[in-house]
Structure formats: structure tokens, C-alpha cells
Amino acid sequence: SDIYDLFVTPKRLLFTFRYKSQEYVVFFNRQTQKLHFGAFKRTLYHLNTSPIIYVSDDYLVVPSDALSVIRLLDAMPEDAPERSLNIKEDDNPCLYFYKFKD
């Protein structure tokens, strides 16, 4: 199928594609030659990661509309540190930074 995003850094190669209406992502570590393949799981703290707008060796960046972030914050526990964010509906776009583990 068609590739939607393609990013190449000195350490990584990343691309996304759709198969049967599901979005998949491939991470290839160019230094260790390890490949990771799968789908991003939407959770309370992680939005759908499409579209990816920037990838470095350490993290990727995904935009989101402020209203989606506000809804997620409302669903978080009262003592979650993210609740201290003062996001308003017109604060667009909100940027999510996902740090790579390896």
C-alpha cells in the first residue's frame, strides 16, 4: 500500500502506511539494524499519531487540536500533572512530543 509519512534521520527510518483502514508504522534503527512494526495504540495519554510532522533521532512530533487535548485532560485523574496545563480551545495546534525508548 501507499506510504504516507517517510522520515530519515542519521539513526532512524520511519514510515507509516494504511492496510484495511488501519494505520501501521515501521521504525527501523539504522545503527542496530532492528525493525519495529505495529500500530499506535490510542490511550488516555497518547492521541492518534497521524499526521507526524517531525522526527529526530530522539522523538517524533504530532499536532493535535486543543479541544481533543482538553477532552483528554478532563478524563485524567485529578492529581495527574498534565491537569495543570492551562489549555484553551483556541490554543491550536497543540504539539505532542513522543520520546523514543531505545
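Shown above is the structure to which this text applies.
Within every chain, residues take consecutive numbers counted from 1 along the sequence as written. Note on the predicted model: pLDDT of at least 70 is required for a residue's local features to be given, and 80 or more for side-chain atom pairs to be given and counted; whole-chain, interface and lining totals, by contrast, use all residues. Remark: hydrogens and water are excluded; side-chain values derive from all non-hydrogen atoms of the structure.

J.: Hey, could you go over unusual backbone geometry for me, with residue numbers and the actual values?
T.: With an omega of -10°, the peptide bond between N92 and P93 qualifies as cis. A run of H or I in DSSP becomes a helix once it reaches four residues, and a run of E becomes a strand once it reaches two; helices and strands are each numbered from the N terminus. Tracing the chain through its elements places P93 in the loop between α1 (66-75) and β7 (94-99). Although it is not a glycine, K20 adopts a positive phi angle of roughly 50°. As for its placement among the helices and strands, K20 is situated in the loop between β2 (12-19) and β3 (22-29). Only protein chains enter the accessibility calculation, which uses a 1.4 Å probe; a residue is then buried when its area is under 20% of its type maximum, exposed when over 50%, and partly exposed in between. Its relative accessible area of 66% is what places K20 among the exposed residues. With a phi angle near 65°, Q33 is a residue other than glycine that sits in the positive phi range. Mapped onto the secondary structure, Q33 falls in the loop between β3 and β4 (34-38).

J.: Give me the sheet that holds β3: which residues, what numbers.
T.: At least two bridges found by DSSP between two strands are what make those strands a pair. Read across the open sheet, the four strands follow the order β1-β2-β3-β4; overall the sheet is antiparallel. Each edge of the sheet is formed by a strand with only one pairing partner; in this case those strands are β1 (3-8) and β4. Put simply, the sheet's adjacent strands are angled 10° from each other on average, direction ignored. Here β1 runs beside β2; their pairing, made up of five bridges, is antiparallel. Fitting a line to C-alpha atoms yields each axis, with helices limited to the stretch in contact; the angle taken between N-to-C directions then spans 0 to 180 degrees.

J.: Please provide a residue-by-residue account of α1, values included.
T.: Of all the residues in α1, the buried ones are A66, V69, I70, L72 and L73. Taken around the axis of α1, the buried residues stretch over an arc of 160°, which confines them to a single face. Seen from the open side of α1, the exposed residues pointing more than 90 degrees away from its buried face are R71 and D74. By definition, residues are in contact when any of their heavy atoms lie within 4.5 Å. Where α1 is buried, its residues touch β6 (59-64) and β7. Of all possible arcs, the one meant is that of the directions from the helix axis to the C-beta atoms.

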